[in-house]
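Working through the structure, step by step
Next come the chains, spelled out residue by residue.
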Amino acid sequence: MLVIALLAIVYWPALRGGFVYDDEAYVVNNIAVNAPSMNNVLAAHFPPGAADTGLYRPMLTASYILDRIIAPDLACRATVAHIHNLVLHALVTLLLFVLLFREAGFMAGLAGVCAYTFHPVLAEGVAWVSGRSELLFGLWVVAGLHVALMPARRSMVQSLALGLITGAALLSKESAVMLPLGLAAGVWLLRRDTRLRDLVRLVLPSIIVVAAYLAARFVITGQVGPSIRAFDGVEGTTRWGIVGMAFWHYFALMILPVGQSVHWPPLPVVMHTAAAIAGGVALFAMIGLAAWGMACRRAWAFIPAWFLLMLLPYSNLALPIGSIFAERFLYVPALALGVGAALMVRSALETGDRWVFGVIMGGWLVAAFVGGIITQARSQDWHDDITIWRSAVQA
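Since we're looking at a predicted model, the values are computed, not measured.

1. Digging into the nonpolar core
Among the nonpolar cores identified, the biggest contains 107 residues, and Trp 306 and Phe 307 are the most heavily contacted of them. Contact partners of Phe 307, with chain neighbours within four places excluded, come to Tyr 250, Phe 251, Met 254, Met 286, Phe 302, Leu 330, Pro 333 and Ala 336. Judged by nonpolar contacts, the second largest core, of 6 residues, contains Ala 14, Ala 127, Trp 382 and Ile 388.

Structure, rendered in structure tokens:
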């Protein structure tokens, strides 16, 4: 409860904010929200008529409809929408703590929540109403981890439950196509007694759901991905350099969240060769660590494996999308940091060295305190259109 109360304090500035930037198109003027119908919600792009986005998110639309039902008046609806976002983030935090507590104990769970919940890279997804897709996706992801890592014997009910959760995640955000692989990696690395045959049986319904979703999505939208792509007109080594630089930004922000911005300039304009090379090296190093750890079934390998798998849909490597880089894309990949913190604390407790445990636990508490201060300042950037663009200019 203390963590939830601190969460409300950290994001208090965001609760007083209004609709900004893309909220106008995705929420305020969204016909599926203002005049909901089965066709507008289930059989149309998000938002309806915006075919260039290539988005299909019925569950996200339903959440905005709920805001409108609770607060028909637009002025009040902004506050309700921000509270809705905060509640979703609190639920993700609570589920994450329960998961880590079950797997590694109370102190490990506390460390994991401290490392994840107050990290400044999450601010964009929580403080911005249009960032809710990340929160819904994150909620279903943590629920999926709960079910996949249940200590009970693998069963058909467990597999079907994962399939339903994967379906809900897909209807919230397209990035959930990687969820079956992420869940499989989690079970393989954190449940070392699981046989490969049982693992395939566990995630098979989720894989079938992904295939069915992709087919239905193509029938409804006529698209596999967005028609507006960030790499249009960019070819060859320049494209790979941009991808490397984007990864470098992601890695850097996870380790040291400074220089954040509500609006990142197009990376081709600011591309630096050194950063692109560093990002490429870091990417291949993480791939190597993940592959080696997966082969040896080491629990720590979950950190690079999860981060890479959940970031892949945003990377423009497999399929070009409409954005090169955005901080909100780290909401689900950053769960790897929470799990990593919990594993560190559990390892320290197992050694019995109180000094090591104190240093590690104290470090994560300090990180949460500093992160909370930065996050509160970041959440103020999303108050209105003036603050958002002033922050962009200052960055």
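Structure's up, so let's keep going.
2. Re the layout of surface pockets
In this structure, the second largest pocket encloses a volume near 470 Å³. Lining the second largest pocket are 21 residues, and of these Leu 2, Val 3, Ile 4, Leu 6 and Phe 118 sit closest to its centre. Every element with two or more residues in the lining of the second largest pocket is listed here: helix 1 (2-10), helix 7 (74-104), helix 8 (106-117) and helix 19 (354-379). Taken together, the residues of the lining of the second largest pocket break down into 18 nonpolar, 3 polar and no charged.

3. Structural notes on the pattern of salt bridges
Enumeration according to the criterion identifies 12 salt bridges in this entry. The closest approach of N and O atoms between Asp 67 and Arg 132, which form a salt bridge, is 2.7 Å. Remark: Arg 132 occurs in helix 10 (residues 132-148) and Asp 67 occurs in helix 6 (residues 58-70); sequence separation between them is 65 residues. The pair formed by Asp 67 and Arg 132 is uniform in burial state, with each residue classed as buried. Here Arg 346 ties to Glu 350 by a salt bridge, and the two come within 4.0 Å at their closest N and O atoms. Taken together, the residues span about one helical turn, with Arg 346 and Glu 350 both in helix 18 (residues 335-351) at a distance of 4 residues. On the basis of relative accessible area, Arg 346 is assigned to the partly exposed category, the value being 28%.

The rules behind the values
Throughout, a residue's number is its position along its own chain's written sequence, starting from 1. In keeping with the predicted nature of the model, local features appear solely for residues at pLDDT of at least 70, side-chain atom pairs appear and are counted solely at 80 or more, and the whole-chain, interface and lining totals rest on all residues. Where side-chain values are given, they derive from all heavy atoms of the structure, hydrogens and water being excluded. Only buried residues count toward a nonpolar core. Its members are Ala, Val, Leu, Ile, Met, Phe, Trp, Tyr and Cys residues joined through side-chain atoms within 4.5 Å. Relative accessibility under 20% of the residue-type maximum defines a buried residue, over 50% an exposed one, and the middle range a partly exposed one, all with a 1.4 Å probe and only protein chains included. Residue contacts follow a heavy-atom distance rule, with two residues in contact if any of their heavy atoms lie within 4.5 Å. A 1.4 Å probe that fits into a set of points on a 1 Å grid over the protein atoms alone but cannot get out defines a cavity; an open set with protein on both sides within 12 Å along at least five of seven lines defines a pocket, and lining residues are those with an atom within 4 Å of a point. Grid points are joined across faces, edges and corners, and a volume is the space filled by probe spheres set on the points. Helix and strand labels come from DSSP, where a helix needs a run of H or I of at least four residues and a strand needs a run of E of at least two; each type is numbered from the N terminus. Put simply, Ala, Val, Leu, Ile, Met, Phe, Trp, Tyr, Cys and Pro go in the nonpolar bin, Asp, Glu, Lys and Arg in the charged bin, and everything else, Gly too, in the polar bin. One speaks of a salt bridge when a side-chain nitrogen belonging to Lys or Arg is within 4 Å of a carboxyl oxygen belonging to Asp or Glu.

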